[in-house]
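If you want the building blocks of each chain, they are given just below.
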Amino acid sequence: GTGYIGSHTVCELIGQGYQVVIVDNLSNSERFIVDRIEQITGTRPAFYEFDLKDAAKVDELFDKEPDIKGVIHFAASKAVGESVKIPLTYYRNNLTSLINLLEAMQRHGVQNIVFSSSCTVYGQPDKLPVDESAPIKPAESPYGYTKQVCENILRDTIKSEGGNLHGIALRYFNPIG
């Protein structure tokens, strides 16, 4: 919620009248961003500083914020090159954070999730430009592989919920664009 994509999304959501709750471990951002969001929007979003790998904290959040109706999950490690150097860190963060979030959502009856995925799920595409009809190919990095696995986790969880969970995966090519 305080990273580049997250903070811009928070501002847009507040502008549309949503009450926003941010969770961020500040590993890739700064606390002052919450102040900037308030300066821009005139509204200070609720802010919790913790890591989504902490399942107990995730569950506590839903206890403290019982009116949550949907989740936008941007909390992933995201550097392709770094993921090759420290793959276990990427697997632990990217997979565990999503699993913890989905489990807490199930326990608290939260039925909507937007998952921040990546174009890396397409591997080396057969043709350019790539569109959503392109086949998923073997990932070229641990980062890309975690996004593929997370999409599968999301799909399987949605299917198992029998219509009680709704979700979408955003496959960015250039999130700034």
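For the structure, see preceding data.
Everything numeric here is computed off the predicted structure, so don't read it as measured data. (Residues numbered from 1 in each chain as written. Predicted model: local features only at pLDDT ≥ 70, side-chain atom pairs only at ≥ 80, totals over all residues. Heavy atoms only, no water.)

1. Examining the pairing of strand S1 (residues 21-24)
Condition: One requirement defines pairing of two strands: DSSP has to find at least two bridges between them. Every helix listed is a DSSP run of H or I at least four residues long, and every strand listed is a run of E at least two residues long, numbered separately from the N terminus.
Summarising the sheet, S1 and strand S2 (residues 46-49) pair through four bridges and their orientation is parallel. The residue bridging valine 21 from the neighbouring strand is alanine 46, located in S2.

2. A word on helix H1 (residues 4-15)
Our working rule: Every helix has an expected span of 1.5 Å times one less than the residues it contains. With a 1.4 Å probe rolled over the protein chains alone, any residue whose accessible area is under 20% of its type maximum counts as buried; one over 50% counts as exposed, and the rest are partly exposed. Our arc is simply the arc of the directions from the helix axis toward the C-beta atoms. Whether two residues are in contact is decided by their heavy atoms: any pair within 4.5 Å suffices.
Along its 12 residues, H1 runs 17 Å from first to last C-alpha, staying within 8% of the 16 Å computed at 1.5 Å per residue. Of all the positions in H1, only Gly6, Ser7, Val10, Cys11 and Ile14 are classed as buried. Along the long axis of H1, the arc covered by the buried residues comes to 135°, so they all point the same way. Seen from the buried face of H1, the exposed residues on the opposite side, beyond 90 degrees, are Glu12 and Gly15. Buried residues along H1 sit against S1 and helix H2 (32-41). Positive backbone phi, at 95°, marks glycine 17, one or two positions downstream of H1.

3. Here we look at the packing of helix H5 (residues 87-108) against helix H6 (residues 142-160)
What counts is decided by this rule: A fitted line through C-alpha atoms represents every axis, and for helices the fit uses only the stretch in contact; the resulting angles, taken between N-to-C directions, go from 0 to 180 degrees. Here is the rule for angles: anything less than 35 degrees is roughly parallel, anything more than 145 is roughly antiparallel, 65 through 115 is roughly perpendicular, and the remaining ranges are oblique. By definition, turning the near helix anticlockwise from the far helix through less than a right angle yields a left-handed crossing, and turning it clockwise yields a right-handed one. Any residue outside Ala, Val, Leu, Ile, Met, Phe, Trp, Tyr, Cys, Pro, Asp, Glu, Lys and Arg is labelled polar, Gly included; the first ten of those are nonpolar and the last four are charged.
Taken N-terminus to C-terminus, the directions of H5 and H6 make an angle of 15°; their axes are 9 Å apart at the nearest point. Considering their axes alone, H5 and H6 lie roughly parallel with respect to each other. The two elements H5 and H6 cross, and the hand of that crossing is right-handed. Listed contacts from H6 to Pro87, Tyr90, Tyr91, Asn94, Leu95, Leu98, Ile99, Leu102 and Gln106 of H5 are Pro142, Tyr143, Tyr145, Thr146, Val149, Cys150, Ile153, Leu154 and Thr157. Taken together, the residues that form the contact of H5 with H6 break down as 14 nonpolar, four polar and no charged.

4. Some words on helix H3 (residues 55-64)
Put simply, the rule reads: Whenever a nitrogen or oxygen atom comes within 3.5 Å of another N or O atom, the pair is scored as a polar contact, on the condition that within protein one atom can donate a hydrogen and the other can accept it, and that pairs from neighbouring residues in sequence are kept only if both atoms are in side chains.
Looking at H3, one finds that the buried residues are Val58, Leu61 and Phe62. Projected down its long axis, H3 carries its buried residues within an arc of 95°, all on one side. Opposite the buried face of H3, at more than 90 degrees from it, the exposed residues are Asp63 and Lys64. On its buried face, H3 is in contact with S1, S2, strand S3 (71-73) and H5. Between the side-chain oxygen of the N-cap and the backbone nitrogen of alanine 56 there are 3.2 Å, and the N-cap of H3 in question is aspartate 54.

5. Some remarks on the packing of aromatic side chains
Aromatic rings in a pair are described by how distant their centres are and how their planes are angled relative to each other. Applicable threshold: Stacked, edge-to-face and tilted labels apply to pairs of Phe, Tyr and Trp rings (six-membered ring for Trp) whose centres lie within 6.5 Å, assigned for plane angles under 30 degrees, over 60, and everything in between, in that order.
Using the criterion set out here, one finds one aromatic pair in the structure. Look at tyrosine 91 and tyrosine 145: their rings are 6.3 Å apart centre to centre, the planes differ by 90°, and that puts the pair in the edge-to-face class. Taken together, the residues span a long stretch of sequence, with tyrosine 91 in helix H5 and tyrosine 145 in helix H6 at a distance of 54 residues.

6. Topic: the sheet that holds strand S5 (residues 166-170)
Spatially, the three strands line up as an open sheet ordered S3-S4-S5, and their pairing is parallel. Edge positions in the sheet fall to S3 and S5, since each has one partner strand and no second. Here the strands of the sheet are splayed against their neighbours by 15° on average, with no regard to which way each runs. Relative to strand S4 (residues 112-116), S3 runs parallel, the two sharing three bridges.

7. Details of the pattern of salt bridges
Inclusion rule: Throughout this description, the term salt bridge denotes a Lys or Arg side-chain nitrogen within 4 Å of a carboxyl oxygen of Asp or Glu.
Inspection of the entire model under this criterion finds eight salt bridges. Across the pair aspartate 126 and lysine 137 runs a salt bridge, and its minimum N-O distance is 2.4 Å. Taken together, the residues aspartate 126 in the loop between S4 and H6 and lysine 137 in the loop between S4 and H6 connect sequence positions 11 residues apart. A salt bridge links arginine 155 to aspartate 156; the shortest N-O distance between them is 2.9 Å. Judged by relative accessible area, which is 48%, arginine 155 ranks as partly exposed.

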